[in-house]
Amino acid sequence: MTVLSTFTTAVKALSVGHSAPQSISGSILHNTDAEFLAPCTVLPEYQSTPQTQQITVSPAKGGELRLQATLEDYFDAPQIDNTKWISGYSNPAYPGVEMPQIVDGVLRLNANYLRARHAFAAETPIRFFETRARFVTAPDPLAYGDLGFYRSMPPLRAVTETSSIRLFVAQTAIEADIPRHLYVRTKDGPFFPSDPPTTGVIDTAVDNWGASSAAQMAGLNQFRLYTIRWDQSETHYLIDGSPIVTTTEGASKPLPHGGVSTLPTYVFLYSQDPTFFGGGRSPVLVDWVRAGAYATQGSYLSCVFDAGELVNWSRIALSANIPQGTSVTVETRTSQDGAIWSGWYTAGVSESGASTLSMVNPGGRYFQYRVRLSSTSVMDTPEVEFVEAFYFGAQKLRVNPAVAYVNPLDQKQFNAETLDLNDEVIGGYQPPIQWAVVNDGGTIDNQGLFTAGVLSGRFTDTVLATSPGLLSGAATVNVGYAPDVHIALCCEGKEGVPITLTASLKNRDESLPPVLGWGAAIFEWDIDGDGRFDDLVGESVTHVFPKTGEYEVAVLVTSGLGFTNTASTTIAIANVAPQIVAIHVDSPVTVGKVVTVEVHAVDVPSAILTYAFDWNSDGVFDAPDQLSNQMTTTYDAPGVKTITVRVRDDDGAETLGTTEVQVELLRLFLPVIER
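Residues numbered from 1 in each chain as written. Predicted model: local features only at pLDDT ≥ 70, side-chain atom pairs only at ≥ 80, totals over all residues. Heavy atoms only, no water.

## A look at the overall build of the chain
(1) Moving on: When its secondary structure is counted, the chain shows three helices and 51 strands.
(2) Moving on: Scaling as 2.2 N^0.38, a compact globule of 675 residues should have a C-alpha radius of gyration of about 26 Å, whereas the chain reaches 45 Å, well beyond that.
(3) Moving on: If you line up the chain on its principal axes, its C-alpha atoms span 135 × 115 × 40 Å.
(4) Moving on: Here the chain holds 675 residues, and 46% of them are scored as buried.
(5) Moving on: Considering only residue pairs separated by 6 or more positions, the chain has 68% of its internal contacts joining residues 24 or more positions apart.
(6) Moving on: When the accessible surface of the chain is totalled, it reaches about 31,100 Å², and 53% of it is carbon and sulfur.
(7) Moving on: Counting 41 positive and 73 negative side-chain charges, the chain places the averaged centre of each group 10 Å from the other. (Helix = DSSP H or I, 4+ residues; strand = E, 2+ residues; numbered from the N terminus. Rg over C-alpha atoms; globule rule 2.2 N^0.38 Å. Buried < 20%, exposed > 50% of the residue type's maximum accessible area, 1.4 Å probe, protein only. Contact = heavy atoms within 4.5 Å. Areas by Shrake-Rupley, 256 points an atom, 1.4 Å probe, with all protein chains shown as cover. Lys, Arg positive; Asp, Glu negative; His and termini not counted. Charge placed at Lys NZ, Arg CZ, Asp CG, Glu CD.)

As structure tokens, then:
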């Protein structure tokens, strides 16, 4: 698997190149059924074998974990399991054939059959059948064979009963009604010896390999996954995980097949003709079979594993097939002594394919994992093909904090964490620590409590933590003071007018020189009040506030040694009244003619302006505040009329302006008539 091989390579790479100290690393791998089921050799008195609940450790695909089915057989035993199966001959013409044989883990059917003892009926209304099987062994021709659900006796036995069948049927000779070597058949109801074999059946020809007989034989000459999914009303047939390809030739019917799931039926594996019949026939070969209903949840609990010393169990890799509606969850726990265990920690819910999950359990010498499988459908199960848990030994110390800021003569507590080869913390691992100060700046006690000296400065890697067998860790200490910072304004703030903000510094300790321990200070400003100092940079900055109001501004100052401090202030931004740029009016006009007045004013872009009009400047605004800057009126008497306009912003500031209109009587011009 890609993830597994890549991660194993990384582990090997981490295990070399560290001359001191030499730390252990390794993994625990389960990818076969023998490994999943191996007896426990570590703390066997605590747990002697892996524990399963509603889980099958299947040898399929080399070994996998899956939910337990009602019936399953992998034919690994040398003999047929008579607690699961009834066996016998199929064809009354050949009653002396040998019984079904298991050869190298594969069931061989030669004119005989296996029928499950378990009967399925109304109590299992949703069920499945799946098998990995092969109908043809070239160069021998195909024999008549059935795989799926059938009545209590084989097809050639004349027994009257009421039951159901759901079958993959292989036929030696292609018939006109079913023009393929393989078809699927559904029937519900009574079986009468006198009825034709097709009475009441629904047949669908399988067209996966086309119409050519040779191509069909080649397709059947391989182990394939044959699946039946059967619920209360429909039956679906699949090959290698995909719905079968069908043909409409002859009497072939479309899928899905209808029907019920209340009548009795049995899992059935069948071969009709012996291998010596008619010049030779292929046996039906079955690698494994599963049928019925899967448990909806189950778990696998591994043995206890011993790394030999306290390590970090931090990675677990697995490969899984997880159909929709199913899930795989991995849980882990650790112990330092094999007696007291941590709680179970969830490493994560896996996705289909290969993946590596991070474990969060504490470090420990002993380790155990648990895989939980679940499904929302009794016809589906997730499959886990391998699990590999990786562990990494202690490698070095990390001192926290890595950089500390301490006032002269003040104290700071340090602690040390143990890291593995991946620079990850080993939780719960507390080796003996020796503390020392190696580059001045103060003193430290055996518990990691640091006391700063009186001299300011940066003391690089001065706090040192060591422990036998581990690489040491160090921390830097900055001794000094954070400067006091104050904000000053250049002038009164007005909307739309630039204002300069200046940060001034002074020592908290007035007895010290003004810049002792500061170095070059950095000033970062929060102007928009979002709490982030990312708007402006500099000791003095200029900003335009677009609207009247109160604004909270703050500055963060960082000294050359890294000490920080903040200051904030509230800036009051005063309103600025709008300005009238021009008033346009029609003049002169005659009595009764419409007069249009248009006002042009400016303010800050964020201001909303309204306009009012007093047509005779008597102090009463005949047209009250409106958003339009244009208004009309008429006059019924001649004279010079004074108009007052008012422009007001949404903060209440206003400006007045006037203009005049010359109103004249109507002038009548008569034409001159010559006599």
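## Looking at the pattern of salt bridges
(1) Moving on: The full count for this structure, using the stated rule, is 27 salt bridges.
(2) Moving on: Across the pair aspartate 650 and lysine 547 runs a salt bridge whose closest N-O atoms are separated by 3.3 Å. In this pair, aspartate 650 is assigned in the loop between β50 (639-649) and β51 (654-664) and lysine 547 in the loop between β41 (540-543) and β42 (549-558), connecting sequence segments 103 residues apart.
(3) Moving on: Taken together, the shared-partner salt bridges in this structure form one network comprising Lys61, Glu64, Arg66, Glu383 and Glu385. (Salt bridge = Lys/Arg side-chain N within 4 Å of Asp/Glu carboxyl O.)

## Observations regarding the state of the cysteines
(1) Moving on: Within this structure, the stated rule accounts for one disulfide.
(2) Moving on: Two residues share a disulfide in this structure: cysteine 40 and cysteine 303, whose sulfurs sit 2.0 Å from each other. Judged by the torsion about the S-S bond (-80°), the cysteine 40/cysteine 303 disulfide is left-handed. Note that cysteine 40 is positioned in the loop between α2 (33-37) and β2 (51-53) and cysteine 303 in the loop between β21 (297-301) and β22 (305-321), a separation of 263 residues in sequence. In this structure, cysteine 40 and cysteine 303 share a single accessibility class: buried. (Disulfide = S-S within 2.5 Å.)

## Some details on the packing of aromatic side chains
(1) Moving on: Counted under the stated rule, the structure contains 24 aromatic pairs.
(2) Moving on: Summarising the aromatic geometry, the rings of phenylalanine 120 and phenylalanine 149 are spaced 5.9 Å apart at their centres and angled 85° between planes, so their arrangement reads as edge-to-face. Remark: phenylalanine 149 occurs in strand β11 (residues 145-150) and phenylalanine 120 occurs in strand β9 (residues 112-120); sequence separation between them is 29 residues.
(3) Moving on: For phenylalanine 149, a relative accessible area of 0% corresponds to the buried category.
(4) Moving on: One aromatic cluster is present, built from ring pairs that chain together Tyr113, Tyr150, Phe191, Phe268 and Tyr270.
(5) Moving on: In this structure, arginine 127 packs its charged tip against the face of tryptophan 230, placed 4.4 Å from the ring centre.
(6) Moving on: Positioned over the ring face of tryptophan 288 is arginine 290, at 3.8 Å from the centre of the ring. (Phe/Tyr/Trp six-rings, centres within 6.5 Å; stacked < 30°, edge-to-face > 60°. Lys NZ or Arg CZ within 6 Å of the ring centre and 35° of its normal.)

## Quick look at the sheet that holds strand β49 (residues 630-633)
(1) Moving on: A sheet is described by the order of its strands in space; here three strands give the open sequence β44-β46-β49, paired in antiparallel fashion. The open sheet has two free edges, formed respectively by β44 (579-585) and β49, since each of these has just one partner strand. Here the strands of the sheet are splayed against their neighbours by 20° on average, with no regard to which way each runs.
(2) Moving on: Here strand β46 (residues 595-602) pairs with β49 via four bridges, running antiparallel. Among the inter-strand pairings, valine 595 is bridged to a residue of β49, identified as threonine 633. (Pairing = 2+ DSSP bridges. Axes fitted to C-alpha atoms, helices over the stretch in contact; angles between N-to-C directions.)

## What to know about the side chain of threonine 633
(1) Moving on: Relative to the elements of secondary structure, threonine 633 occurs in strand β49.
(2) Moving on: On the basis of relative accessible area, threonine 633 is assigned to the buried category, the value being 14%.
(3) Moving on: Aside from chain neighbours lying at most four places away, what touches threonine 633 is Lys593, Val594, Val595 and Trp615.

## Re the confidence of the model for the chain
(1) Moving on: Chain-level pLDDT for the chain is 91 on average; 93% of the residues reach the 70-or-more range.
(2) Moving on: Below pLDDT 50 for its whole length, residues 1-20 participates in 29 contacts with residues either more than four positions away or in separate chains. (pLDDT = per-residue confidence, 0-100.)

## Details of the pairing of strand β3 (residues 55-58)
(1) Moving on: Side chains Ile55 and Val57 of β3 all project onto a buried face; the interleaved residues Thr56 and Ser58 project onto the opposite face, where all are buried too.
(2) Moving on: Hairpin connection between β3 and strand β4 (residues 64-67): a loop of five residues separates the two successive antiparallel strands, and lysine 61 in this loop has a positive phi of roughly 60°.

## Side note on helix α3 (residues 213-220)
(1) Moving on: Those residues of α3 lying buried are Gln216, Met217, Gly219 and Leu220. An end-on view of α3 places all buried positions within 160° of arc, on one side of the element.
(2) Moving on: Its buried side turned inward, α3 meets β10 (127-134), β13 (182-191) and β15 (224-230). (Arc of directions from axis to C-beta.)

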